[in-house]
Amino acid sequence: MTSTATRPTASGPADRPTPVRQPRVISFSHRLSRWDLKLSPYLYISPFFIVFAIVGLFPIGYTAVISFQEWDLVRNSGEFVGFDQYIWILQNPQFWTALRNTFSIFLLSTVPQLILAIFIAAMLDRNIRAKTFWRMGVLLPYVMAPVAVALIFSNMFGDNHGLVNNILTDLGLQPIPWHKDPFWSHVAIATMVNFRWTGYNALILLAAMQAIPRDYYEAATVDGAGAFRQFTSITIPSLRPTLIFVIITSTIGGLQIFDEPRMYDNVGEGGAAQQWLTITLFLYNIGWREWNFGRAAALAWILFLIILVIGLINLAVTRRLVRDEGGRGVVTPRKKGFRR
C-alpha cells in the first residue's frame, strides 16, 4: 500500500486575490473646471475674431465677388464678367503710373522713417532729463489729424508762395516745383508721412529697447565694447521681433497711402499729369468718380496681393539681416550616436 504525501505549495503574489479598483467618479464641478481651463483662452480671444470676421473677412470676400462682376450699385446686383475687370486694370496706363508713384513715395517715406525712428528711440533710451516730455513730444504729430497735416504741408510746399520756396529764394537758390515735378512732389508727400509716423514707430522701438536686460550692456562695457558696438551687437539683434512688426506695418501703411496725396492740392486727383497719383487714390477715382465698383474691387485685390508679396519679402530680408536675439530659438544639433 503506497501512501502519497501532499506537498504544501507556497502561495506567491500571483495567487493572492487582486483587489477590484473602484471607478473614479468625477464630479460635475471638476469637469467644469477642466473645461474652463481648456476653453477659457479661446473664449477670451473669440470677440476679436468674431468682430474681425464681420468687419474684415466678410468685406474682403464680398469685394472678391464684386471684382468678377459688372456691378450695378442702384440695383445692388451685377453681371459676371470673369477676369475682365482685372485685365482692364492691368492694361490701363494710369495703373502703372500709380504703381510707380506709390513705390516711389513708399521708399522715400518708409526707409528714412525707420532709420530716424531707431535713432530717436536710441536717444530717448539714454539717461536724459525730462524723459516723459520728450516721449510725449515725439508722439504729438501722430495725434494730429492727417488732413490737417496735409493742408499745412501742402501750403508749406507751395510752388509760388510756399514757406520752403520763400526760404530758398531768400538764400539765393532757385525755387523747387513741388507740384509740377514728380520727384519733388513725392518728396513733399513723403515728408508729411515721415512727420506723422516717425514718432509713433520710435515709441514702439523704445518700448522694445527698454525690455532688453541691462546686464548685457554692463557685460559689454566690462569687455570694452563702445556705445556703437553695443548698439549693433545687442540693441539691433534684440529688436528683431519689433523691427519685423514695424517694417510690416510701415509697408502696409506706405502702400495704402491716401490722405496725403488726396489733400496735396485742391482737386485731389493726383495732379494734372498724375504726378502723385497713388493706387488708393486711383481706386477712389474709379469707385466714387466713375461709379465702377467692379473695377475698384479688382484694383483693391491687386493692391492686396502687392502688399502681401512686399510684406513677405520684407519679412525674409529682416530675418536674414537681423540676427536672432541673444541666441534664442537656436537649436543645437545632437551628436550622432547619442539617444535619449
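Below or above, wherever it landed, is the structure these notes cover. Small disclaimer: the values here were computed from a predicted structure and weren't measured.

### Side note on the overall build of the protein chain
Broken down by element type, the protein chain carries 13 helices and 2 strands. For the protein chain, the proportion of its 340 residues judged to be buried stands at 34%. By sequence separation, contacts in the protein chain at least 24 residues apart represent 66% of the contacts at least 6 residues apart.

### Examining the packing of aromatic side chains
Applying the stated criterion across every chain yields a total of 23 aromatic pairs. A ring pair is formed by Phe 58 and Tyr 62, whose centres lie 5.7 Å apart and whose planes are at 15°; its orientation type is stacked. Of this pair, Phe 58 and Tyr 62 both sit in helix 1 (residues 28-67), 4 residues apart, roughly one helical turn. By relative accessible area, Phe 58 is classed as exposed at 54%. The class for Tyr 62 is partly exposed, based on a relative accessible area of 36%. Ring geometry for Phe 153 and Phe 157: centres 6.2 Å apart, planes at 20°, overall stacked. Phe 157 shares its class with Phe 153; the two are buried.

### Comments concerning the environment of Ser 104
With respect to the element layout, Ser 104 can be found in helix 3 (residues 93-124). Given a relative accessible area of 21%, Ser 104 falls into the partly exposed group. Distance from Ser 104 to Ala 190, taken between C-alpha atoms, is 9.1 Å for residues 86 residues apart in sequence. Of note is the side chain of Ser 104, whose polar atom sits 2.9 Å from the side chain of His 186.

### Thoughts on the layout of surface pockets
Approximately 440 Å³ is the volume attributed to the largest pocket. Along its surface, the largest pocket is lined by 17 residues, and Pro 59, Ile 60, Thr 63, Ala 300 and Trp 301 are the ones closest to its centre. Among the secondary structure elements, those contributing two or more residues to the lining of the largest pocket are helix 1, helix 12 (279-288) and helix 13 (293-321). At 8 residues, the largest contribution of residues to the lining of the largest pocket is made by helix 13. Residue composition of the lining of the largest pocket, by class: 14 nonpolar, 3 polar and no charged.

### Here's the deal with the pattern of salt bridges
A full pass over the atoms with the stated rule returns 2 salt bridges. For the salt bridge of Asp 125 with Arg 214, the shortest nitrogen-to-oxygen distance reads 3.1 Å. One end of the pair, Asp 125, is in the loop between helix 3 and helix 4 (131-143); the other, Arg 214, is in helix 8 (residues 214-222), with 89 residues separating them in the sequence. Relative accessible area serves as the criterion here: at 19%, Asp 125 is assigned to the buried category. Its relative accessible area of 36% is what places Arg 214 among the partly exposed residues. For Glu 269, the salt bridge goes to Arg 289, with nearest N and O atoms at 3.4 Å. Here the residue Glu 269 occupies a position in the loop between helix 11 (259-262) and helix 12, and Arg 289 occupies one in the loop between helix 12 and helix 13, the gap between them amounting to 20 residues.

### Here's the deal with the packing of helix 5 (residues 146-156) against helix 7 (residues 182-210)
The interhelical angle for the contact between helix 5 and helix 7, taken along N-to-C directions, is 135°, at an axis separation of 10 Å. Classified by the interaxial angle, the pair formed by helix 5 and helix 7 is oblique. As helix 5 packs across helix 7, the resulting crossing turns out to be right-handed. Contact residues: helix 5 offers Pro 146, Val 149, Ala 150, Phe 153 and Ser 154, while helix 7 offers Thr 191, Met 192, Phe 195 and Arg 196. Looking at the contact of helix 5 with helix 7 residue by residue, the classes come out as 6 nonpolar, 2 polar and 1 charged.

Parameters at a glance
Along each chain, numbering runs from 1 in the same order as the chain's sequence is written. Confidence filtering applies because this is a predicted model: local features only for residues at pLDDT of at least 70, side-chain atom pairs given and counted only at 80 or more, and all residues used for totals across whole chains, interfaces and linings. Values shown for side chains rest on all heavy atoms present in the structure; no hydrogens or waters enter the calculation. A run of H or I in DSSP becomes a helix once it reaches four residues, and a run of E becomes a strand once it reaches two; helices and strands are each numbered from the N terminus. For every residue, the accessible area obtained with a 1.4 Å probe (protein chains only) is divided by the maximum for its type, and the residue is called buried under 20%, exposed over 50%, and partly exposed between those limits. Contact definition: two residues touch when any of their heavy atoms are within 4.5 Å. Centres within 6.5 Å make a pair out of two Phe, Tyr or Trp rings, where for Trp the six-membered ring is used; the pair is then stacked when the planes are under 30 degrees apart, edge-to-face when over 60, and tilted otherwise. Two N or O atoms count as a polar contact when they lie within 3.5 Å, although within protein this holds only if one can serve as hydrogen donor and the other as acceptor, and sequence-adjacent residues are included solely when both atoms are side-chain atoms. Grid spacing is 1 Å over the protein atoms alone, the probe is 1.4 Å, and a cavity is where that probe fits but cannot get out, while a pocket is an open set with protein on both sides within 12 Å along at least five of seven lines and lining residues have an atom within 4 Å of a point. Grid points are joined across faces, edges and corners, and a volume is the space filled by probe spheres set on the points. Three residue categories are used. Nonpolar comprises Ala, Val, Leu, Ile, Met, Phe, Trp, Tyr, Cys and Pro, charged comprises Asp, Glu, Lys and Arg, and polar comprises the others, including Gly. Counted as salt bridges are all cases of a side-chain nitrogen of Lys or Arg within 4 Å of a carboxyl oxygen of Asp or Glu. Helix axes are fitted to C-alpha atoms over the stretch in contact, other axes to C-alpha atoms as well, and angles between N-to-C directions run from 0 to 180 degrees. Should an angle fall under 35 degrees it is called roughly parallel, over 145 degrees roughly antiparallel, and 65 to 115 degrees roughly perpendicular, with every other angle called oblique. When the near helix sits turned anticlockwise from the far one by under a right angle, the crossing is termed left-handed; a clockwise turn instead gives a right-handed crossing.

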